[in-house]
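# What the coordinates show
Chain residues, written in single-letter form:
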Amino acid sequence: MSRLLKMMAIVACMPVLTLVSCYKEKNTVAEVVVQDIQGKPVEGASVRLFCKVTNCTVDLTQTTESNGSATFKFKPGTEALLWIEAKKGSSTNGPNDYGNFEQRKTTTVTVTITP
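Residues numbered from 1 in each chain as written. Predicted model: local features only at pLDDT ≥ 70, side-chain atom pairs only at ≥ 80, totals over all residues. Heavy atoms only, no water.

### So, the pairing of strand β1 (residues 28-35)
With 6 of 8 residues buried, β1 is to be regarded as a mostly interior element. Here β1 pairs with strand β4 (residues 69-74) via 6 bridges, running antiparallel. When the bridges of β4 are listed, Val33 appears paired with Ser69. In terms of strand pairing, β1 meets strand β8 (residues 106-112) through 7 bridges, oriented parallel. Directly across from Val34, in β8, lies its bridge partner Val111. (Buried < 20%, exposed > 50% of the residue type's maximum accessible area, 1.4 Å probe, protein only. Helix = DSSP H or I, 4+ residues; strand = E, 2+ residues; numbered from the N terminus. Pairing = 2+ DSSP bridges.)

Pasting the structure below:
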């Protein structure tokens, strides 16, 4: 009887073990939306995410899509305070725009570029 109970316990735990082992961590996603002074999305703007601390090596650049957004994906568990530089032609954003990108979350930051 003891052997039968052990087998039943193992079979009962199998779905739980399967669910736990299949869990995939979510990436950290930084979405930067660039708009002009009228609030319209800016397509084709260059967006740079970078850090100003010694031990950080993030320095990435992407171009915005038609909706004004540029999306950056980081490894699961990544968390960073990153500065944002956006420009198109002679229009740029302010020097103090930054994003606090939390681990395993999608964080959207909107910046405005001006001539």
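### So, the side chain of Thr107
By the element assignment, Thr107 lies in strand β8. When residues no more than four places from it in sequence are discounted, the contact partners of Thr107 are Val29, Ala30, Glu31, Asn100, Phe101 and Glu102. (Contact = heavy atoms within 4.5 Å.)

### Structural notes on the nonpolar core
Counting 19 residues, the largest nonpolar core has Val32, Val34, Val47, Leu49 and Phe72 as the members making the most contacts within it. Only β1, β2 (46-50), β4, β5 (80-88) and β8 provide two or more residues apiece to this core. With 4 residues, the single largest contributor to this core is β5. Residues within four places of Val32 in sequence aside, it is in contact with Val47, Leu49, Gly68, Ser69, Ala70, Phe72, Ile84, Val109 and Val111. (Core = buried A, V, L, I, M, F, W, Y, C linked by side-chain atoms within 4.5 Å.)

### A word on the confidence of the model for the protein chain
Mean pLDDT over the protein chain: 86, with 80% of residues reaching 70 or higher. By mean pLDDT, helix α1 (residues 2-21) is the weakest element of the protein chain at 55, and β2 is the strongest at 97. (pLDDT = per-residue confidence, 0-100.)

### As for the sheet that holds β8
Spatially, 3 strands are ordered β4-β1-β8 in an open sheet, and the strand pairing comes out mixed. The sheet is open, and its two edges are formed by β4 and β8, each paired on a single side. If you compare each strand with its neighbour and ignore which way they point, the axes differ by 20 degrees on average. (Axes fitted to C-alpha atoms, helices over the stretch in contact; angles between N-to-C directions.)

### A few points about the state of the cysteines
All chains considered together, the criterion is met by 1 disulfide. The disulfide that involves Cys51 links it to Cys56, with 2.0 Å between the sulfurs. One disulfide, between Cys51 and Cys56, carries an S-S torsion of -95 degrees and so falls in the left-handed class. The class of Cys56 is partly exposed, set by a relative accessible area of 24%. (Disulfide = S-S within 2.5 Å.)

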